[in-house]
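These are the residues of each chain, in order.
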Amino acid sequence: VQLQASGGGLVQAGGSLRLSCAGSGLTFSNYVMVWFRQAPGKERELMSGITWSGGNTYYADSVKGRFTISRDNAKNTVYLQMNSLKPDDTAVYYCAAVKIIPRSIATLKPGGMDYWGKGTQVTVSS
């Protein structure tokens, strides 16, 4: 199984980026897809998630209204559209997949993921 994240980069505050995460070696539509991020010296935190067919989504309060998650199961890809970026959004962004969620996307922890991508760096300058 491989999850390949891409789309990170350097952007000025207020700008936008779209992250992509392409999966291979798994039945993509059987997995809830999530994005975590980890800033230097901080714990990995859940940013957003989307259920198997895209019917339900989750956003952390810090990104709600600015980030949009979507998926295309035909392309085995999940996206994270990030608008109105802030310097506090600077982090390495990781996509992850989990087949079963015990309660809700909001309760997912890094240790509960089945698969991880390698991460893509997002840097927002002020």
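The rules we used
Each chain has its residues counted from 1, running along the sequence as written. Under the rules for a predicted model, residues below a pLDDT of 70 receive no local features and side-chain atom pairs below 80 are neither given nor counted, while totals for whole chains, interfaces and linings still include all residues. Think of the side-chain values as coming from all heavy atoms in the structure, minus any hydrogens and water. Being paired, for any two strands, means DSSP has found at least two bridges between them. Segments assigned H or I by DSSP are reported as helices when at least four residues long, segments assigned E as strands when at least two residues long, and all are numbered from the N terminus. Only the stretch in contact is used when fitting a helix axis, every axis being a line fitted to C-alpha atoms; angles between N-to-C directions are given from 0 to 180 degrees. Residues grouped as a nonpolar core are buried Ala, Val, Leu, Ile, Met, Phe, Trp, Tyr and Cys residues, joined through side-chain atoms within 4.5 Å. Type-normalised accessible area, obtained with a 1.4 Å probe on protein chains alone, sets the label of each residue: buried when under 20%, exposed when over 50%, and partly exposed for intermediate values. Here, residues are in contact when the closest pair of their heavy atoms is within 4.5 Å.

(A) Quick look at the sheet that holds strand β3 (residues 17-24). Spatially, 4 strands are ordered β1-β3-β8-β7 in an open sheet, and the strand pairing comes out antiparallel. Two strands lie at the open edges of the sheet, namely β1 (2-6) and β7 (67-72), each paired on one side alone. In this sheet, adjacent strand axes meet at a mean angle of 15° when their direction is disregarded. Bridge count for β7 against strand β8 (residues 77-82) is 6 bridges, and the pairing is antiparallel. Considered in β8, the bridge of D72 is made with T77.

(B) Summary view of the nonpolar core. Core analysis: the largest hydrophobic core is formed by 29 residues, its most contacted members being M33, W35, F67, V78, L80, M82 and Y93. Counting residues per element, the ones that place at least two in this core are β1, β3, β4 (32-38), β5 (45-50), β7, β8, β9 (91-98) and β11 (120-125). In terms of residue count, the dominant contributor to this core is β9 (4 residues). When neighbours within four sequence positions are excluded, Y93 is seen to be in contact with L19, W35, F36, R37, M47, F67, L80, M82, G119, T120 and V122. In terms of nonpolar packing, the next biggest core, distinct from the first, is built from 10 residues, V32, A96, V98 and M113 among them.

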